[in-house]
Amino acid sequence: GDGVTDTRTEECDDGNAEEFDACGINCRYNILIDSGEHFSCVSTGCDVVCWGKYYDDNRVGGADNIAWKEVSQLSLGSEHGCALDGSGVRCWGENGAEQTLGSTTVGPTTLSGVVQLSAGDQHTCAVDARGISCWGNDGSDRTTPSVTTDRAIQVSAGADHTCAIYERPVGTRY
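Residues numbered from 1 in each chain as written. Predicted model: local features only at pLDDT ≥ 70, side-chain atom pairs only at ≥ 80, totals over all residues. Heavy atoms only, no water.

Asks: Let's hear about the nonpolar core: which residues, and what values?
Replies: If you look at soluble globular proteins, the nonpolar side chains tend to sit buried side by side. One finds Cys41, Val48, Trp68, Leu74 and Trp92 to be the most contacted residues of the largest nonpolar core, which totals 13 residues. The set of elements that each furnish at least two residues to this core consists of β3 (48-51) and β4 (73-76). By size, the runner-up hydrophobic cluster in this structure holds nine residues, among which are Cys82, Leu84, Val114 and Leu117. (Core = buried A, V, L, I, M, F, W, Y, C linked by side-chain atoms within 4.5 Å. Buried < 20%, exposed > 50% of the residue type's maximum accessible area, 1.4 Å probe, protein only. Helix = DSSP H or I, 4+ residues; strand = E, 2+ residues; numbered from the N terminus.)

Next comes the structure, spelled out in structure tokens:
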């Protein structure tokens, strides 16, 4: 997006001044918004913008330092945030419990094919091709989901717990 729509290659301009950025040329924005503890973030798909007390105090800073590529999910914890974009899971903010995996800009490197993520108080979880992966504070066993042979389809990380929805094979009774 250079501010001008090139009718040969673009349906519309993606709204920023950067030409040949990683945002899709079809300009179909994916507006996302979430709130953590005393801060909020919004994404138009090509960036993540945060504000609020904790963000202004630099307790959860870092989202504006990431070169985003088509953000498809956004999830905020107490003092950290994670997003799924074309580069994978990327986290920023407070990392006292390794909920951002030791980096202010890059999340877990062992995940593959992430379809959903959820940031809790001091931990983060993702559903990928292998099932559910969680990282961060495990003080209440909140980052250790139950072992099951069923396919995980959704996870929700809370303050001191994590819940998941699994798909059961047809005809299976529990």
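Asks: Help me get a handle on the pattern of salt bridges, residues and values and all.
Replies: Scanning all chains against the criterion turns up three salt bridges. Of the charged contacts in the structure, one is a salt bridge between Asp128 and Arg130, with a shortest N-O distance of 3.3 Å. (Salt bridge = Lys/Arg side-chain N within 4 Å of Asp/Glu carboxyl O.)

Asks: Please set out the pairing of strand β11 (residues 162-167) residue by residue, giving values where relevant.
Replies: Here strand β10 (residues 151-157) runs beside β11; their pairing, made up of six bridges, is antiparallel. Looking across to β11, one finds that Gln154 is bridged to Ile165. In textbook terms, the turn of a hairpin is the stretch between consecutive antiparallel strands, and for β10 and β11 this stretch comprises four residues. (Pairing = 2+ DSSP bridges.)

Asks: I'd like a rundown of the packing of aromatic side chains, residues and numbers included.
Replies: For the structure shown, the criterion picks out one aromatic pair. Taking the centre distance of 5.7 Å and the plane angle of 80° together, the rings of Trp68 and Trp92 count as edge-to-face. Note that Trp68 is positioned in the loop between α1 (53-56) and β4 and Trp92 in strand β6 (residues 88-93), a separation of 24 residues in sequence. The pair formed by Trp68 and Trp92 is uniform in burial state, with each residue classed as buried. Taking the ring centre of Trp68 as reference, the NZ or CZ of Arg90 above it sits at 5.3 Å. (Phe/Tyr/Trp six-rings, centres within 6.5 Å; stacked < 30°, edge-to-face > 60°. Lys NZ or Arg CZ within 6 Å of the ring centre and 35° of its normal.)

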